[in-house]
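Inside the fold
Here is how the chains run, residue by residue.
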Amino acid sequence: MSTEQTPEAPAGPRPGRLTAAAALSALEGLALVAGGLYMLVMGLTGKPDRPTQAETGGLTLVVLGLIPLIAARGLLRRRSWSRGPAMITQIMALPVAWMFLNSDGAPWIPAGIALAAVAVTGLVLLVNPSTTKALGIRGPMRDA
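So, how was this worked out
Residues numbered from 1 in each chain as written. Predicted model: local features only at pLDDT ≥ 70, side-chain atom pairs only at ≥ 80, totals over all residues. Heavy atoms only, no water. Helix = DSSP H or I, 4+ residues; strand = E, 2+ residues; numbered from the N terminus. Patch = residues over 30% accessible without salt bridge, like charges linked within 9 Å, V, L, I, M, F, W, Y side chains within 5 Å. Areas by Shrake-Rupley, 256 points an atom, 1.4 Å probe, with all protein chains shown as cover. Salt bridge = Lys/Arg side-chain N within 4 Å of Asp/Glu carboxyl O. Buried < 20%, exposed > 50% of the residue type's maximum accessible area, 1.4 Å probe, protein only. Axes fitted to C-alpha atoms, helices over the stretch in contact; angles between N-to-C directions. Left-handed = near helix turned anticlockwise from the far one by under 90°. Contact = heavy atoms within 4.5 Å. Nonpolar A, V, L, I, M, F, W, Y, C, P; charged D, E, K, R; others polar.

Where an unreviewed UniProt entry is consulted, the protein appears under the name Integral membrane protein, with the organism given as Streptomyces mauvecolor.

A separate point is unusual backbone geometry. The phi torsion at Arg-78 lies on the positive side, around 60°, for a residue other than glycine. By secondary structure assignment, the location of Arg-78 is in the loop between α2 (51–76) and α3 (83–101).

Nonpolar side chains collect at one region of the surface, where Trp-98, Leu-101, Ile-109 and Ile-113 lie side by side and expose about 390 Å² of accessible area between them. Of all the elements in the fold, those that place two or more residues in the nonpolar patch are α3 and α4 (108–127). In this structure, Leu-101 sits in helix α3. Look at Leu-101 and you get partly exposed, because its relative accessible area is 31%.

This next bit is on the packing of helix α1 (residues 16–45) against α4. Taken N-terminus to C-terminus, the directions of α1 and α4 make an angle of 145°; their axes are 9 Å apart at the nearest point. For the crossing formed where α1 meets α4, the hand is left-handed. For the pair α1 and α4, the contacting residues are Arg-17, Ala-20, Ala-21, Leu-24 and Glu-28 in the first and Leu-115, Val-118, Ala-119, Thr-121, Gly-122, Leu-125 and Leu-126 in the second. Split by residue class, the contact of α1 with α4 holds 8 nonpolar, 2 polar and 2 charged.

Below you can see the structure in the form of structure tokens.
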């Protein structure tokens, strides 16, 4: 069953959970953009083993970082479409966190714990009933 979406979100104050979800999404987007810019600059000015791979990877991360940033803006403006990209970002962060947790490097394990915590928190905030109501999303089989 699919969910129905109302064209406009209900009026009233924005719930704190929605603002927190937008903040987490923006944080992830900024981290992706920053990491991508770092890779891109290092690929252009540094001496990586494969400059083309570093540049392409950096550009990819910058573009991927725009998705949660746009979703965060949509969440703040209470647009129902923004929950999908925000949720996908959180779901995609979980395997990355798992990879970090299974790495041998000491700095990657705390990064994996932090990323997993942010992703799970973001998912919980995005599926919260007050968030879905604020975005104007109705569940299946519910009358308006």
